[in-house]
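Per-entry structural report
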Amino acid sequence: MMIIREIKENELIDLVELYTHLHEVGVPKNSEHLQRTWTAICNDENHHIIVCEIDGKIVSSCVCVIIPNLTRNIRPYAFIENVVTHTDHRGKGYATACLNYARELAIKSDCYKMMLLTGSKSESTLDFYKRAGYNCTDKTAFIQWL
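Residues numbered from 1 in each chain as written. Predicted model: local features only at pLDDT ≥ 70, side-chain atom pairs only at ≥ 80, totals over all residues. Heavy atoms only, no water.

In terms of nonpolar packing, the biggest core is built from 23 residues, with C62, I80, V83 and L99 touching the most fellow members. Counting residues per element, the ones that place at least two in this core are β2 (47–54), β3 (57–67), β4 (77–85), α3 (94–108), β5 (114–116) and α4 (123–131). For this core, the leading source of residues is α3, giving seven residues. Setting aside residues up to four positions removed in sequence, L99 forms contacts with C62, I80, V83, F128, Y129, A132 and Y134. L15, I49, V51 and V84 belong to the second largest nonpolar core, which has 13 residues in total. (Core = buried A, V, L, I, M, F, W, Y, C linked by side-chain atoms within 4.5 Å. Buried < 20%, exposed > 50% of the residue type's maximum accessible area, 1.4 Å probe, protein only. Helix = DSSP H or I, 4+ residues; strand = E, 2+ residues; numbered from the N terminus. Contact = heavy atoms within 4.5 Å.)

Set out below in structure tokens:
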């Protein structure tokens, strides 16, 4: 059975292990820095980590951050990041379900738009985002790596 929900505070290790299927190599060491960052994320009411649980295991996730805004009639916007599904569970709709949950959070927060960036050039990945309702024609993204 598929359960879509927000992550629980005690699931940090499960999440960082899932991130190895995104672009990370290995799991970060359980350090004071990791714990401080995790605590800050858990205490931020605008930072949502959405997970898909199958048979008690987290198999997919995305991050949805609601960003307060002074334009667009003072309506916030949502930013989506770290969309990932375990390689053994891809193509089953789990990431789409996470993105749909994020969309509902954004609607509930009165966001006027949702944005996401992907570094992938894969047609299948780009088509996935298009099927999920995102387009790549309205805005141009620029990145400055620090």
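Further notes follow.
What the rule picks out here adds up to two aromatic pairs. Measuring from ring centre to ring centre gives 6.4 Å for Y77 and Y112, while their planes differ by 75°; the resulting arrangement is edge-to-face. Remark: Y112 occurs in the loop between α3 and β5 and Y77 occurs in strand β4; sequence separation between them is 35 residues. What makes Y112 partly exposed here is its relative accessible area of 25%. Here F128 and Y129 contribute two aromatic rings whose centre-to-centre distance is 5.1 Å and whose plane-to-plane angle is 55°, an arrangement assigned as tilted. The positively charged end of K113 is found above the aromatic ring belonging to Y77, 5.5 Å away from the centroid. (Phe/Tyr/Trp six-rings, centres within 6.5 Å; stacked < 30°, edge-to-face > 60°. Lys NZ or Arg CZ within 6 Å of the ring centre and 35° of its normal.)

The next thing to look at is unusual backbone geometry. We note that D55 has phi near 50°; this positive angle belongs to a residue other than glycine. With respect to the secondary-structure elements, D55 resides in the loop between β2 and β3. At R72, a position not held by glycine, the phi torsion is positive, near 55°. Looking at where R72 falls in the secondary structure, it is placed in the loop between β3 and β4. We classify R72 as exposed; its relative accessible area is 54%.

Moving on to the sheet that holds strand β1 (residues 2–6). If you trace the five strands from one edge of the open sheet to the other, you get β1-β2-β3-β4-β5, paired in mixed fashion. Here the strands that pair on one side only, and so sit at the sheet edges, are β1 and β5. Adjacent strand axes in the sheet meet at a mean angle of 25° when their direction is disregarded. Both β2 and β3 contribute to a ladder of eight bridges, which runs antiparallel. Considered in β3, the bridge of C52 is made with S60. (Pairing = 2+ DSSP bridges. Axes fitted to C-alpha atoms, helices over the stretch in contact; angles between N-to-C directions.)

Here β2 lies mainly inside the structure; seven of its eight residues are buried. Sheet topology note: the β1/β2 ladder contains five bridges and is antiparallel. Counterpart to M2 in the pairing with β2 is I54. Hairpin geometry of β2 and β3 is characterised by an intervening segment of two residues between the two adjacent antiparallel strands and by a positive phi of about 50° at D55.

This part takes up the pattern of salt bridges. Applying the stated criterion across every chain, the model contains four salt bridges. Residue R36 is joined to E32 by a salt bridge in which the shortest nitrogen-to-oxygen separation is 2.9 Å. Pair noted here: R36 and E32 are both in helix α2 (residues 32–43), with a separation of four residues, about one helical turn. Taken together, the salt bridges that share partners define one network made up of R5, E11 and E53. (Salt bridge = Lys/Arg side-chain N within 4 Å of Asp/Glu carboxyl O.)

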